[in-house]
Amino acid sequence: MTAIPMEVADPFELMHPERRKDPYSGYARMLREAPVHFFEPWGAWLVARYADVNASFRDMRLLSARTGQFSAGMSEEVRKMMEPLARNLSSWALFLDAPSHTRLRGLINKAFTPRMVEALRPRIRALVEELLDAARGKERVEVISELANPLPVIVIGEMLGLPREDRHRLKRWSDQLAGLIGTGRPTPEQVKEGLNAILEFEAYFRMLIARRRTQPGTDLLSGLVHSEEQGSLLSEQELLSTCTMLLFGGHETTTNLIGNGLLALLRHPEQWELLRASPELLPNAVEEFLRYDPPVQFTNREAKVDMEIGGHAIRKGDRVMLMMAAANRDPAQFKDPEKLDVRREELRHMTLGMGPHYCLGAALGRMEAQETFAALLRRFPHLKLEPGATVDWMDNAGFRGLLALPVVLGAEAR
Ligand code: HEM
């Protein structure tokens, strides 16, 4: 095992709040000094190299069924209290392995089709324009709260067929879940909030599902309720869990793709100019934003059997974190990995995962980001970071996003 001095509990400063500004210099050192190592504070192996992360995503000896990790160390009493949460999470496709995962993902795929997603493009474009219209005449705008945050909540809400006025509730539930799922080890307070969110969320969706059973519409929720394969339907719990997963997965992540991407671009004005001059580069630019500053920095697995990763012996039951954000900066895979380059070729980043759990909403998230950047570049060509503004990050090692992104819009192009 790579030797890390005992007195250094957090050698790459993963838990250091100051590191939220720049976790990447820590990852660069991790890649050089300890690309596979056991990280005591999280009780997990960290895997940083691109080749190892890529192989691990496809390695079926690494299990996705890992919800037991949330309740590890809890008393019997607390565990009992947490049952509704455990029940909800244990039917997320994200936390299942074959064959249960294959069946569930197949049923969800029938409702959440690429055609359905592509058909949303004009609606997403119109929503972006609408949100930007609200900024018309203002000198300054806070991009996270006025654009990056509302857009994905409205989009996933409309897809599911939920009333627009409910979006603030949806956002609150999703935030509370992020506190629970995004941290290495949630605090008791975060666990309690996550539990409340699940209970309220399930009550809300139970009612909507009952309605869709008798009065199906054309929305995604109706599609999920009636999705069937060889006589198999989604159970009530699977429906509730899938709605939770879609709401959660579709929203914080996309907000932060827009926020992190825009910050990167504004800090590299020559790249902004390049995109203004050649908007056809946008799809590639969004991939580069995903690589450069991922909204999801890592994910985890649990070893099913004794095995080896990068020459290290991993024992059955060990927790393994796949550090996508580090893998995306691996010089063995990417030339000048620290450089933002919207023209970069060979952009196979790890940010959306790989293998059987590859992000189900990848096309949707990409589209929301592409439409947002296209509209910003076209309408506000002189957009700048607000001079002197401090840029603060959420204090969460796993989900990376800005608390606020204040910008000066500049003259609107006509
Ligand atoms: C745009 C930013 C996004 C990022 C960075 C992202 C990231 C990821 C990652 C890393 C995984 C794999 C996790 C693992 O294997 O442990 C994943 C899976 C998933 N994502 Fe996304 N995601 C994004 C957008 C979305 C959207 C818009 C939706 C839905 C509306 C969504 C829904 C899901 C679902 C349901 C899964 C689980 C798939 C499965 O387990 O089979 N994601 N995502």
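Quick note: structure is the one above.
First things first, this report covers the structure right here in the doc. (Residues numbered from 1 in each chain as written. Predicted model: local features only at pLDDT ≥ 70, side-chain atom pairs only at ≥ 80, totals over all residues. Heavy atoms only, no water.)

1. Quick look at the coordination of the iron atom of the ligand
Moving on, step 1. No other protein atom reaches the iron atom of the ligand as a donor apart from Cys359 (SG), found 2.3 Å away.
Moving on, step 2. Relative to the assigned elements, Cys359 resides in the loop between helix 18 (324-327) and helix 19 (362-379). (Donors = N, O, S within 2.8 Å, 3.2 Å for Na, K, Ca; no water. Helix = DSSP H or I, 4+ residues; strand = E, 2+ residues; numbered from the N terminus.)

2. Here we look at the site of the ligand
Moving on, step 1. Around the ligand, a shell composed of 30 residues is seen, among which His101, Arg105, Thr299, His357 and Cys359 lie nearest.
Moving on, step 2. His101 is positioned with one of its side-chain polar atoms (N or O) 2.7 Å from an oxygen atom of the ligand.
Moving on, step 3. Note that an oxygen atom of the ligand is positioned 2.8 Å from one of the side-chain N or O atoms of Arg301.
Moving on, step 4. For the shell around the ligand, the secondary-structure elements that each account for two or more residues are helix 6 (100-111), helix 14 (236-249), helix 15 (252-266), strand 7 (299-303) and helix 19. (Near = heavy atom within 4 Å. Polar contact = N/O pair within 3.5 Å; in protein donor to acceptor, adjacent residues only side chain to side chain.)

3. Structural notes on unusual backbone geometry
Moving on, step 1. Cis peptide bonds are those with omega within 30 degrees of zero, and the linkage from Ala98 to Pro99 qualifies with 5°.
Moving on, step 2. With respect to the helices and strands, Pro99 occurs in the loop between helix 5 (83-90) and helix 6.
Moving on, step 3. Even without glycine at this site, Glu13 takes up a positive phi of about 55°.
Moving on, step 4. Within the secondary structure layout, Glu13 lies in the segment before helix 1 (24-33).
Moving on, step 5. For Asp336, which is not a glycine, the phi torsion comes out positive at approximately 45°.
Moving on, step 6. Among the structural elements, Asp336 can be located in the loop between helix 18 and helix 19.
Moving on, step 7. A relative accessible area of 43% places Asp336 in the partly exposed class. (Buried < 20%, exposed > 50% of the residue type's maximum accessible area, 1.4 Å probe, protein only.)

4. Examining the environment of Thr242
Moving on, step 1. In this fold, Thr242 is placed in helix 14.
Moving on, step 2. In sequence terms Thr242 and Ile108 are 134 residues apart; their C-alpha atoms lie 8.1 Å from each other.
Moving on, step 3. Not counting residues within four places of it along the chain, the set of residues in contact with Thr242 comprises Leu104, Ile108 and Leu224.
Moving on, step 4. A distance of 2.7 Å separates the side chain of Thr242 from the backbone oxygen of Glu238, its partner in a polar contact. (Contact = heavy atoms within 4.5 Å.)

5. Some points on helix 6
Note on helix geometry: an α-helix contains 3.6 residues per turn, so any two residues three or four positions apart are oriented the same way.
Moving on, step 1. Compared with the 16 Å implied by 1.5 Å per residue over 12 residues, the 18 Å span of helix 6 between its first and last C-alpha is a close match.
Moving on, step 2. Every buried residue of helix 6 is accounted for by His101, Leu104, Arg105, Gly106, Leu107, Ile108 and Ala111.
Moving on, step 3. For helix 6, the secondary structure elements touched by its buried residues are helix 7 (114-119), helix 13 (220-226), strand 5 (228-229), strand 6 (232-233) and helix 14. (Expected span 1.5 Å × (residues − 1).)

6. So, the environment of Pro84
Moving on, step 1. Examined against the element boundaries, Pro84 turns out to sit in helix 5.
Moving on, step 2. For Pro84 and Leu199, which are 115 residues apart along the polypeptide, the C-alpha to C-alpha distance reads 7.2 Å.
Moving on, step 3. Here Pro84 is in contact with Leu195, Ile198 and Leu199, once residues within four sequence places are set aside.

7. A short note on helix 5
Moving on, step 1. When we look at burial in helix 5, the residues that qualify are Pro84, Leu85, Asn88 and Leu89. Along the axis of helix 5, the buried positions cluster into a sector of 125°, meaning they face one direction only. (Arc of directions from axis to C-beta.)

8. What to know about the nonpolar core
Moving on, step 1. If you look at the biggest cluster of nonpolar residues, it comprises 116 residues, and the most contacted ones within it are Phe205, Leu224, Leu262, Leu275, Phe289 and Phe373.
Moving on, step 2. Considering each element in turn, this core owes the most residues, 9 residues, to helix 12 (residues 188-214).
Moving on, step 3. Sequence-distant contacts of Leu262, that is, excluding residues within four places in its chain, are made with Val143, Trp272, Phe373, Leu376, Leu383 and Leu405.
Moving on, step 4. Formed by 18 residues, the second largest nonpolar core is a distinct cluster that contains Phe12, Phe39, Ala44 and Ala325. (Core = buried A, V, L, I, M, F, W, Y, C linked by side-chain atoms within 4.5 Å.)

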